[in-house]
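Given next are the chains, with one letter for each unit.
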Amino acid sequence: MVSTRRTTKAPSSSSRPSSPSPPPASPRGRKRTPSASTILRSRTKKNGEEEDIPISTKETKNHQKHGYEFGGPIGAICITILLPLTCYFLVFACNETTGCDLIESIIGLAKEKKKNSFSLLMIPEKMTPVFSLESCVLFLGWIGWCVMLHALLPASIVKEGVDITSGESGGEKARFRLRYKLNGFRVFMTTAVACAVGTYFGQIQLRSLHAKFLSLLTAGCAFAFALTTFLYVASFRVNKNDKSKKKKKTRKNDGIDNGPVVLANGGNTGNVAYDWFIGRELNPRFSNSLFDAKVFCELTPGLIGWLLLNFGFMHEQYARLGFITKPMVLVNAFQLMYVVDALWNEPAILTTMDVTTDGFGFMLVFGDLVWVPFTYSLQCRYILENNVDISLAMTAFIVIVQATGYYVFRQSNGQKNTFRTNPNDPSVRHLKSLKTKRGTNLLISGWWGVARHVNYFGDWLMAWAWCLPCGFDHIAPYFYVVYFGVLLVHRDLRDGEQCELKYGNDWKRYCEIVRFRIIPYVY
Ligand code: NDP
């Protein structure tokens, strides 16, 4: 992201660990009420000016077909309750005080039968209290630190995102592009240097994050609920402000035009619980600046926070044992590589479903700020608390799995990115593609010819490489690989539906040519 080469590229079509959608509750439910207003698209006139033109009736019908996801309002409520509970469950069910037998006991795989499995569910002694003001301040301080660095550090790129067709915005529909300040990699580097210096001089004790883990989780959950509610309530400001105005609302300052304030198609159903969960507003921006709350949360505090927790567990292991074990090194190195890759390729976020389609509601707020750091760090915590070690042969095998996964992940994401941004690039010019009525062609050879989401396969292989260092004594550390598999299958279905709406019959033709969804010759 800091290289000049990158600054010349348009945003890629994604190659980052975007915040996770929760596991699917169920497929679509009933249809939501479509808005009656006309949908517009912009077209460049001969004189170079942009004009708005209506989208065809067919496309409008497709647009209206979009219905509830995640099981509708009931699903949204259930997921909202289940997500935080799962985060706590993973701590209560697998910790130093009780061990990690609970899940095996529940599914009947425990080596020893315990009379009451739930006696294994306990608040770990080394992680009390569950709530502390100190951790709330720490959590808020962390968010504040990230916001401050994001605001102060220069951005190597202030890019335009992709075209965003809005939902209702004060009764109007609009199609526009936003500009973004992207400096997540610099925030990461500055934080890394600050932590290294602070640790060297004894001012920062990353190992204390282990003892504070539960109370930080509580602080994170409270923050996610509060922020989501704020975002939901704030999303109504648009309609209120626009009532008396005939013109589209735009926010301008120092030449920055953030475009109209718009609502997400999927999160604007009128059902409070569902909209609160999916997110009513598409790209919340609260000042005349380039600070975009969603893109910021997607990449900065959650991902870097995840690494800090991992490093905290490694530090704690060093303090306890006097050395760091191979599994701890492996998981820390792999996950560091994953996050650095995401931050280095930061523009990739701009073309993802999360940014262009989903509103900024509980699903993304919780996913970004709580789910990612507190559940993705489970393997490092498990390795610390269970003194796991593995053989050199196993280490070599895991490195091969990670390298293969990363290769598939990076190459496939990179190939699509290059194809989308510069189809004449020598690396993709030879690839076959399917012409579509929509205008953006679909690759049918290369990585995207072997499976429709082979990039997910690479990502999932990496998920295995993060879990295998935990050994085979317990199922709990394999939570990530199972959850992530479910997420990717569901995401592939969601993306398939979106692509069918976008491409119509051309997508069906593409699916006939590229038959496999994620894993070539398997699925
Ligand atoms: P993808 O990168 O898979 O992009 C999907 C889009 O690519 C489609 O909507 C379509 O958009 C375009 N496309 C589809 N097929 C083709 C084709 N044949 N040729 C050209 N373009 C095509 O989207 P995601 O955001 O789901 O995933 C990005 C990365 O993030 C993945 O590697 C995934 O594994 C990872 N991820 C990680 C998560 C985590 O928690 N760790 C969570 C979610 C994702 P269009 O045609 O409009 O350009």
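Residues numbered from 1 in each chain as written. Predicted model: local features only at pLDDT ≥ 70, side-chain atom pairs only at ≥ 80, totals over all residues. Heavy atoms only, no water.

1. With respect to the overall build of the protein chain
For step 1, the next point in the chain: A count of helices and strands for the protein chain gives 21 helices and 10 strands.
For step 2, the next point in the chain: Taking all contacts inside the protein chain whose residues are at least 6 apart in sequence as the whole, residues at least 24 apart take part in 79%.
For step 3, the next point in the chain: In the structure as shown, the protein chain presents an accessible area of about 23100 Å², 61% of it carried by carbon and sulfur atoms. (Helix = DSSP H or I, 4+ residues; strand = E, 2+ residues; numbered from the N terminus. Contact = heavy atoms within 4.5 Å. Areas by Shrake-Rupley, 256 points an atom, 1.4 Å probe, with all protein chains shown as cover.)

2. Observations regarding the nonpolar core
It is characteristic of soluble globular proteins that their nonpolar side chains tend to be buried jointly.
For step 1, the next point in the chain: Ranked by internal contacts, the top residues of the largest apolar core, which has 109 residues, are Leu-217, Phe-277, Phe-366, Val-370 and Phe-484.
For step 2, the next point in the chain: Discounting chain neighbours no more than four positions away, the residues touching Val-370 are Cys-87, Leu-217, Gly-220, Cys-221, Ala-224, Val-365 and Thr-375.
For step 3, the next point in the chain: The next biggest cluster of nonpolar side chains, apart from the first, holds 14 residues, and it includes Leu-431, Leu-442, Leu-443 and Trp-507. (Core = buried A, V, L, I, M, F, W, Y, C linked by side-chain atoms within 4.5 Å. Buried < 20%, exposed > 50% of the residue type's maximum accessible area, 1.4 Å probe, protein only.)

3. Remarks on the pattern of salt bridges
For step 1, the next point in the chain: Tallied over the entire structure, the rule returns 16 salt bridges.
For step 2, the next point in the chain: Between Arg-494 and Asp-358 there is a salt bridge, with its nearest N and O atoms 2.9 Å apart. With Arg-494 in helix H20 (residues 479-503) and Asp-358 in the loop between helix H14 (353-356) and helix H15 (362-376), this residue pair connects regions lying 136 residues apart in the sequence.
For step 3, the next point in the chain: For Asp-358, a relative accessible area of 4% corresponds to the buried category.
For step 4, the next point in the chain: Between Glu-500 and Lys-508 there is a salt bridge whose closest N-O contact spans 3.9 Å.
For step 5, the next point in the chain: For Glu-500, a relative accessible area of 36% corresponds to the partly exposed category.
For step 6, the next point in the chain: With relative accessibility at 42%, the residue Lys-508 sits in the partly exposed group.
For step 7, the next point in the chain: One salt-bridge network, held together by shared partners, links Glu-96, Lys-126, Arg-207, Glu-316 and Arg-320. (Salt bridge = Lys/Arg side-chain N within 4 Å of Asp/Glu carboxyl O.)

4. Comments concerning the packing of helix H17 (residues 392-421) against helix H19 (residues 454-467)
For step 1, the next point in the chain: Packing of H17 against H19 leaves a shortest axis separation of 7 Å and a crossing angle of 155 degrees. Taken together, H17 and H19 sit at an angle that is classed as roughly antiparallel. Remark: the crossing between H17 and H19 carries left-handed chirality. Here H17 contributes Ile-398, Val-401, Gln-402, Thr-404, Gly-405, Tyr-406, Val-408, Phe-409, Ser-412 and Asn-413 to the contact with H19, which in turn contributes Val-454, Asn-455, Gly-458, Asp-459, Leu-461, Met-462, Trp-464, Ala-465 and Trp-466.
For step 2, the next point in the chain: Partitioned by chemical class, the residues of the contact of H17 with H19 number 11 nonpolar, seven polar and one charged. (Axes fitted to C-alpha atoms, helices over the stretch in contact; angles between N-to-C directions. Parallel < 35°, antiparallel > 145°, perpendicular 65-115°, else oblique. Left-handed = near helix turned anticlockwise from the far one by under 90°. Nonpolar A, V, L, I, M, F, W, Y, C, P; charged D, E, K, R; others polar.)

5. Overview of the packing of aromatic side chains
For step 1, the next point in the chain: Scanning the entire structure with this criterion turns up 37 aromatic pairs.
For step 2, the next point in the chain: Judged by centre distance (4.7 Å) and plane angle (70 degrees), the ring pair of Tyr-376 and Tyr-480 falls under edge-to-face. Of this pair, Tyr-376 sits in helix H15 while Tyr-480 is found in helix H20, placing the two residues 104 residues apart along the sequence. No difference in accessibility class separates Tyr-376 from Tyr-480, as the two residues are buried.
For step 3, the next point in the chain: Ring geometry for Phe-516 versus Tyr-521: centroids 5.2 Å apart, planes at 55 degrees, classification tilted.
For step 4, the next point in the chain: On the basis of relative accessible area, Phe-516 is assigned to the partly exposed category, the value being 27%. (Phe/Tyr/Trp six-rings, centres within 6.5 Å; stacked < 30°, edge-to-face > 60°.)

6. Here we look at unusual backbone geometry
For step 1, the next point in the chain: A positive phi angle, close to 45 degrees, is found at Asn-387, a residue other than glycine.
For step 2, the next point in the chain: Assessed through its relative accessible area of 53%, Asn-387 is described here as exposed.
For step 3, the next point in the chain: Not every positive phi belongs to a glycine, and Tyr-521 is a case in point at roughly 65 degrees.
For step 4, the next point in the chain: For Tyr-521, the location among the structural elements is in the segment after helix H21 (505-513).
For step 5, the next point in the chain: On the basis of relative accessibility, which here comes to 72%, the residue Tyr-521 falls in the exposed class.

7. Let's talk about the packing of helix H5 (residues 133-152) against helix H8 (residues 213-234)
A pair of packed helices is captured by two measures, namely the crossing angle of their axes and the spacing between those axes.
For step 1, the next point in the chain: With their axes 8 Å apart at the nearest point, H5 and H8 run at an angle of 60 degrees to one another. As summarised for this structure, H5 and H8 are arranged oblique, according to the angle between their axes. The element H5 and its partner H8 pack so that their crossing is right-handed. Between H5 and H8, the residues in contact are Ser-135, Cys-136, Leu-138, Phe-139, Leu-140 and Ile-143 and Ser-215, Leu-216, Ala-219, Gly-220 and Phe-223, respectively.
For step 2, the next point in the chain: Taken together, the residues of the contact of H5 with H8 sort by class into eight nonpolar, three polar and no charged.

8. Structural notes on the state of the cysteines
Put plainly, a disulfide is one covalent bond tying together the sulfur atoms of two cysteines.
For step 1, the next point in the chain: Scanning all chains against the criterion turns up one disulfide.
For step 2, the next point in the chain: Through a disulfide, Cys-94 is tied to Cys-100; the S-S separation comes to 1.8 Å. Between Cys-94 and Cys-100 the sulfur-sulfur dihedral comes to about 70 degrees; the bridge is accordingly right-handed.
For step 3, the next point in the chain: Free cysteine: Cys-297, not disulfide-bonded; nearest cysteine sulfur from Cys-146 at 9.3 Å.
For step 4, the next point in the chain: Note on Cys-499: no disulfide assigned, nearest cysteine sulfur contributed by Cys-511 at a separation of 8.3 Å. (Disulfide = S-S within 2.5 Å.)

9. A short note on a nonpolar patch on the surface
For step 1, the next point in the chain: Side chains of Val-489, Leu-493, Tyr-521, Val-522 and Tyr-523 sit close together on the surface and give an oily, nonpolar patch of about 520 Å² of accessible area.
For step 2, the next point in the chain: Here Leu-493 lies in helix H20. (Patch = residues over 30% accessible without salt bridge, like charges linked within 9 Å, V, L, I, M, F, W, Y side chains within 5 Å.)

10. Structural notes on the side chain of Arg-285
For step 1, the next point in the chain: Relative to the helices and strands, Arg-285 is located in the loop between helix H10 (272-278) and helix H11 (293-299).
For step 2, the next point in the chain: A polar atom in the side chain of Arg-285 sits 2.9 Å from the side chain of Asp-292. (Polar contact = N/O pair within 3.5 Å; in protein donor to acceptor, adjacent residues only side chain to side chain.)

11. Considering the side chain of Gln-402
For step 1, the next point in the chain: Following the sequence through the fold, Gln-402 ends up in helix H17.
For step 2, the next point in the chain: Among the polar contacts listed, one links the side chain of Gln-402 to the side chain of Trp-466, at a separation of 3.3 Å.
For step 3, the next point in the chain: The contacts of Gln-402, once residues within four sequence positions are left out, are Phe-334, Met-337, Met-462, Ala-465 and Trp-466.

12. Examining the confidence of the model for the protein chain
A low pLDDT means the predicted coordinates there should not be read in detail.
For step 1, the next point in the chain: For the protein chain, per-residue confidence averages 80 on the pLDDT scale, and 76% of positions sit at 70 or higher.
For step 2, the next point in the chain: Note that residues 18-65 has pLDDT below 50 and, in this model, 107 contacts with residues that lie over four places away or in other chains.
For step 3, the next point in the chain: In this model, residues 243-254 is a region of pLDDT below 50 whose contacts with residues beyond four sequence positions or in other chains number 25 contacts. (pLDDT = per-residue confidence, 0-100.)

13. Re the environment of Cys-136
For step 1, the next point in the chain: Turning to its location among the elements, Cys-136 is positioned in helix H5.
For step 2, the next point in the chain: It is 9.3 Å that separates the C-alpha atoms of Cys-136 and Leu-217, two residues lying 81 residues apart in sequence.

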